[in-house]
Amino acid sequence: MTQANIEVVFDHLNARRVHDLALLELQLDPDVVHQGVLPDLMCNNRDEVLANVQRGFALDGFGVDRLELIAAGDRVVVGLAGPRFSEVPWAPLNGQIYVVYTLRDGRIVRMDDYLSRTEAMAAAGATAKDWA
């Protein structure tokens, strides 16, 4: 299941990149929750997540120049860095973010954002080493 989960998340990221809302809708559980890095940054269902994603489409380009995916059972840790995460007035991202995706039956049921790789890895129960 770990490889399948990585593929779902990879496809999810690509759907965001190409602005494919129909595919995103299929990948997200109707009751998906997305918890941002701040407590008040929260989406409580697929419609709210899709509305948030659509707002992000207004930004120019994908804005990612570094990407890391780490399998962790029913979770996948994703590290994203690039200009898109440098000037976010509502969250202290410092040019990067880590998202822990939780999957069930091939669908994303939860996304939790973290400011550090260490926090995300601990939340996911992952043990991958840093790249050399």
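Structure's up top.
What comes next is a walk through the structure. Each chain carries its own residue numbering, running from 1 in the direction its sequence is written. Reporting of local features is limited, given that this is a predicted model, to residues whose pLDDT is at least 70; pairs of side-chain atoms are given and counted only at 80 or more, and all residues count toward the totals for whole chains, interfaces and linings. Water and hydrogen atoms were dropped before computing side-chain values, which therefore reflect all heavy atoms in the structure.

1. Quick word on helix α4 (residues 117–124)
Thought 1: A simple rule labels every residue: compare its accessible area, found with a 1.4 Å probe on the protein chains alone, to the largest value its type can have, and call it buried under 20%, exposed over 50%, or partly exposed in between. Under the DSSP-based scheme used, a helix requires at least four consecutive residues in state H or I and a strand at least two consecutive residues in state E, with every element numbered from the N terminus. Buried residues of α4: Arg117, Ala120, Met121 and Ala124, and no others. Down the axis of α4, the buried side of the element spans an arc of 95°, and every buried residue falls inside it. Those residues of α4 that are exposed and aimed more than 90 degrees away from the buried face are Thr118 and Ala122.
Thought 2: Those residues of α4 hidden inside the fold are in contact with β3 (66–72), β4 (75–81), β5 (96–104) and β6 (107–114).
Thought 3: Directly beyond the C-terminal end of α4, a positive phi value near 70° is found at Gly125. Regarding the arc, it is the one traced by the directions from the helix axis to the C-beta atoms. By definition, residues are in contact when any of their heavy atoms lie within 4.5 Å.

2. Things to note about the environment of Ala72
Thought 1: Take Ala72: it is sitting in strand β3.
Thought 2: Residue Ala72 is classed as buried on the basis of its relative accessible area, which comes to 13%.
Thought 3: As a C-alpha pair, Ala72 and Val100 span 28 residues in sequence and 9.5 Å in three-dimensional space.

3. Some details on the sheet that holds β5
In a beta sheet, neighbouring strands are held together by backbone hydrogen bonds and run either parallel or antiparallel to one another.
Thought 1: Read from one edge to the other, the open sheet built from 6 strands follows the order β2-β1-β6-β5-β4-β3, with strand pairing classed as mixed. For this open sheet the edge positions go to β2 (42–43) and β3, each flanked by a neighbour on one side alone.
Thought 2: Pairing between two strands is assigned when DSSP locates at least 2 bridges connecting them. Of the strand pairs in this sheet, β4 and β5 are connected by 7 bridges, and their pairing is antiparallel. Counterpart to Val78 in the pairing with β5 is Val99.
Thought 3: This element, helix α3 (residues 46–56), spans β1 (28–35), β2 and β6 of the sheet and lies at about 60° to β1.
Thought 4: Contacting β3, β4, β5 and β6, α4 runs over the sheet at an angle of about 170° to β4. Axis definition: a line fitted to C-alpha atoms, limited for helices to the stretch in contact. Angles are taken between N-to-C directions and run from 0 to 180 degrees.

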